Each structure stands twice: as structure tokens, then as C-alpha cells.
Amino acid sequence: MTLFRRWAATLATAGLLASGCGGGSGDSSVVTIGVLSAALADTAEASTYRVSQYSAQTVRFPALDYKAETEFDDQPPAIVGTVSRDRQHFAVDIGGLLGPLVGGAPDIGFGIWVDSDRVVVDSRDFQQLKDLDPEAQFGPFEPGVSFVDLNTIKTESPDLLAAIVGSPVPDLSEMALSLPAALKTIKQTGTDPQTFVGTATFADLVEAQGVDLAIHARSTAAGVGLNSPVSVDALTDLYIEFFRGLQADVFIELDERGLLRVFEVGTDLSGIYDAVFEDDSLFPGMTEQERSEAAAGFKGAELILKTRSVYEADIDLDVPQAPEVTEDRTEVWREFLVDAGFRG
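Bear in mind the structure is a predicted one, so any value in this text is a computation, not a measurement.

Draft legend 1. Region of the structure containing the overall build of the chain. When helices and strands are tallied, the chain shows 13 helices and 13 strands. Classification of the 344 residues of the chain by burial places 46% in the buried group. Summarising the internal contacts of the chain: among those between residues at least 6 apart in sequence, 66% fall at separations of at least 24. Working note: accessible area of the chain is about 17300 Å², and carbon and sulfur atoms make up 51% of it.

Draft legend 2. Local environment of unusual backbone geometry. The omega angle of the peptide bond from aspartate 192 to proline 193 is 5°, so this bond is cis rather than trans. Tracing the chain through its elements places proline 193 in the loop between strand E8 (185-191) and strand E9 (194-201). A positive phi angle, close to 55°, is found at aspartate 65, a residue other than glycine. The class of aspartate 65 is exposed, set by a relative accessible area of 75%.

Draft legend 3. Main features of the environment of valine 211. Mapped onto the fold, valine 211 is located in the loop between helix H8 (202-208) and helix H9 (213-225). Here the alpha-carbon distance between valine 211 and aspartate 171, two residues 40 residues apart in the chain, equals 8.7 Å. Once you skip the residues sitting within four places of it in the chain, valine 211 turns out to touch Val206 and His216.

Draft legend 4. Here's a closer look at the environment of glycine 297. Among the structural elements, glycine 297 can be located in the loop between helix H12 (288-296) and strand E12 (302-313). Glycine 297 sits 234 residues away from alanine 63 along the chain, and the two C-alpha atoms are 5.5 Å apart.

Draft legend 5. Seen up close, the packing of aromatic side chains. Applying the stated criterion across every chain, the model contains 15 aromatic pairs. Taking 5.3 Å as the distance between ring centres and 65° as the angle between the ring planes, the aromatic pair formed by phenylalanine 110 and phenylalanine 141 counts as edge-to-face. Of the two residues, phenylalanine 110 is situated in strand E5 (residues 109-114) and phenylalanine 141 in the loop between helix H4 (127-132) and strand E7 (145-149); the sequence distance between them amounts to 31 residues. Neither residue differs from the other here; phenylalanine 110 and phenylalanine 141 are each classed as buried. Arranged with centres 5.4 Å apart and planes meeting at 35°, the rings of phenylalanine 277 and phenylalanine 298 form a pair that is tilted. With phenylalanine 277 in helix H11 (residues 271-278) and phenylalanine 298 in the loop between H12 and E12, this pair connects stretches of sequence that are 21 residues apart. Accessibility expressed as a relative area gives 15% for phenylalanine 277, which makes it buried. Accessibility expressed as a relative area gives 29% for phenylalanine 298, which makes it partly exposed.

Draft legend 6. Inspection of the side chain of glutamate 253 at higher detail. With respect to the helices, strands and loops of the structure, glutamate 253 is situated in strand E10 (residues 247-254). Apart from the residues lying within four places of it in its own chain, the contact partners of glutamate 253 are Pro193, Gln194, Thr195, Leu259, Leu260, Arg261 and Val262.

Draft legend 7. Local environment of the pattern of salt bridges. With the rule as written, the count across this model stands at 13 salt bridges. A salt bridge links lysine 130 to glutamate 142; the nearest nitrogen and oxygen atoms lie 3.2 Å apart. Note that lysine 130 is positioned in helix H4 and glutamate 142 in the loop between H4 and E7, a separation of 12 residues in sequence. By relative accessible area, lysine 130 is classed as buried at 17%. Residue aspartate 233 pairs with arginine 218 through a salt bridge whose shortest N-O separation is 2.9 Å. Taken as a pair, aspartate 233 in helix H10 (residues 232-245) and arginine 218 in helix H9 lie far apart in primary sequence, 15 residues in all.

Draft legend 8. Inspection of the packing of H10 against H11 at higher detail. It is the contact of H10 with H11, at a shortest axis distance of 11 Å, that shows an interaxial angle of 140°. When the axes of H10 and H11 are compared, the pair comes out oblique. When you trace H10 past H11, the crossing you get is right-handed. Contacts from Leu235, Leu238, Tyr239 and Phe242 of H10 reach H11 at Gly271, Ile272, Ala275 and Val276. Across the contact of H10 with H11, the residue classes break down as 7 nonpolar, 1 polar and no charged.

Draft legend 9. Looking closely at helix H7 (residues 172-182). For H7, every residue scored as buried is listed here: Leu172, Met175, Ala176, Leu179, Pro180 and Ala182. Relative to the axis of H7, the buried residues are bounded by an arc of 165° and lie together on one face.

Draft legend 10. Broad picture of the pairing of E10. Pairing geometry for E9 and E10, over 7 bridges, is antiparallel. Residue pairing for E10: glycine 198 is matched across the bridge by valine 250. Sheet topology places E10 next to strand E11 (residues 260-268); 7 bridges connect them, and they run antiparallel. Counterpart to alanine 248 in the pairing with E11 is threonine 267. Hairpin geometry of E10 and E11 is characterised by an intervening segment of 5 residues between the two adjacent antiparallel strands and by a positive phi of about 85° at glycine 258.

About the cut-offs
Residues numbered from 1 in each chain as written. Predicted model: local features only at pLDDT ≥ 70, side-chain atom pairs only at ≥ 80, totals over all residues. Heavy atoms only, no water. Helix = DSSP H or I, 4+ residues; strand = E, 2+ residues; numbered from the N terminus. Buried < 20%, exposed > 50% of the residue type's maximum accessible area, 1.4 Å probe, protein only. Contact = heavy atoms within 4.5 Å. Areas by Shrake-Rupley, 256 points an atom, 1.4 Å probe, with all protein chains shown as cover. Phe/Tyr/Trp six-rings, centres within 6.5 Å; stacked < 30°, edge-to-face > 60°. Salt bridge = Lys/Arg side-chain N within 4 Å of Asp/Glu carboxyl O. Axes fitted to C-alpha atoms, helices over the stretch in contact; angles between N-to-C directions. Parallel < 35°, antiparallel > 145°, perpendicular 65-115°, else oblique. Left-handed = near helix turned anticlockwise from the far one by under 90°. Nonpolar A, V, L, I, M, F, W, Y, C, P; charged D, E, K, R; others polar. Arc of directions from axis to C-beta. Pairing = 2+ DSSP bridges.

All we've got here are geometric facts, nothing functional implied.
Given below as C-alpha cells:
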């Protein structure tokens, strides 16, 4: 580990203890935070790693007599990422996410390749959704293989760069410095392997992973706004406020080398439905009666999400090469983000 990393881990630990976080006082808290901080800092030094992210969810709509539950072992990983110093590749499977909405688990996903010059996106699978609903809008994810010129974005619209380039899975280097301080409580629950449980707000966890909360919220709201009359600005503000008050449960496991192996987060987002329909600024063209009728369909709705990221750090791997691509969607991405409220 570099000298900087060791000092950073030490300072992060000291800051956490000084702030009174960490789930208690005494020698046990010091040891717990020290072990976790050192493990994360060591893990961040890995030059290559593979991460597989699994999702589990409980979705229930009593008004529709609908309930669907999935567990981590019920499906393949939602995201598999391979990361090296030079480039990254992420294979994203959205079949599990779409399953509760379409009554099955369609084989649909997309690929993302990132290097210093461009992002390549393979969204050809989305043609299946386009065939089901030709009027559906996918913005820059319209079916096809395309790229974004990062040098152009950086030169013309540097504020948009962070909205385009971001890891879809927890970032190891950011977590090394930020995660311990984000946890409101933490305790060690096992020694072989070493395991920890804790709590944090969802907003703090997002930021601890190197993601700007406002960008995360606006990106989510922009996707919703493609196919609904919702106000993206109002929905962004609602998401930010909701995430800041949302508690998340955290589970962490280290491997035999003391490096991060499992990072698991569970959140109950059921309250988002009431929050959405109680905010009349979200639907400027909808009458009170229309909003009330729509809200009735979500009465008692339940949405519980869990993610599990499994890391294999410091291993030999080849990051897949991007497919041949000629379609430049740099301007499409820029317009999409500007329309969503990002600064162009």
C-alpha cells in the first residue's frame, strides 16, 4: 500500500472516532473501525478486480393483488464488472428488474466499456422492449451500438462528464476513504471469515461510493421522465430528500487475505410511493382527482431492495474489448442530460 493510502486510512479512522460515529465507544469500536478501514484501503490498491453485483427484491401491490419476491440465488448477477487501470467493462442484466413488471424474466441487458477517451454502449437487446412498445423512448439507450466521445464532452461540457462516466458498482478507491465514516453503526460479527454489520443513510452510502447524490437522483428521475409526464426537477428534489432520510443496512465480509469480498446493502423504499403522490408539484398537468386515483393503485405498496457486490481483488483478468462501433451519440447524451437539468 502506498504511504498516502496508509495515512488516508488512518485519518479516516481518526475522523470517524472523533465524530462519535461507529456504534459505540471503547476499545472494541477502535479495533472494529481500524480493521475495516485498513481492509478497505488495502483492497483499493488492487490493480485489477472483478465485481459481481446481485439484486434481490420484494415488490407488492395490494390493490393489484400482485406480489413478487426474488433472492440473490434466484438469478445471475445483475452486473459483472472487470476493472483494470486502463479500462473497464460492465455487463448489465436488467431481466431481474423487469421481471416483476412484465410477468417474467426476459433475457435483456446491455454492455458498457469505459476508457480514458470514450464510453461504448451496446444496447441492442432493448429492441425486444421496442418491439413490445414502439412508442417507448430510451433516449441515448435506443437499440444499437454507440459511443460517447469523452474528450468532446470534457471540452464542451465539463460539468456533464461526471453524469456520463461513473461506475455502476461500488468504487473501491472511494470506499476505502469514505465508507467507514459513512456508517452510523458498525460492529464485527465474525472472525472466520471476518464479517461486519452496520447502518447508514442511503444518501451517505451513495456518496461514500464516489457518486454525487444530486447526479444520481437526477439521472434516476430523467429515466422516469422519458415515459411519464412527471417533472424531472421536482422528482430529483424528492429523491434527494427521500434518500437522505432512508436508512440502509450494511453487511461486509473480508476474504482470507483481509481484502473486501462482500458488500451488501438492504433498503426499504416502500415510502417512496406515498412521497411521490403527496407532492403535487410532480404532476403539473394532473388534477387532484387524477392524482388521488393513481395513488390508490399504490396504496400499501411495498418495495424492498437488496444488493450484494462480490469482489475478487488483485487477480489476473482480461478486460473484454469493446465491439466495433461507428455511431456517435455524444450529442444525444449531451442533449438528454441538458434536458434533464444537468448543466451543459
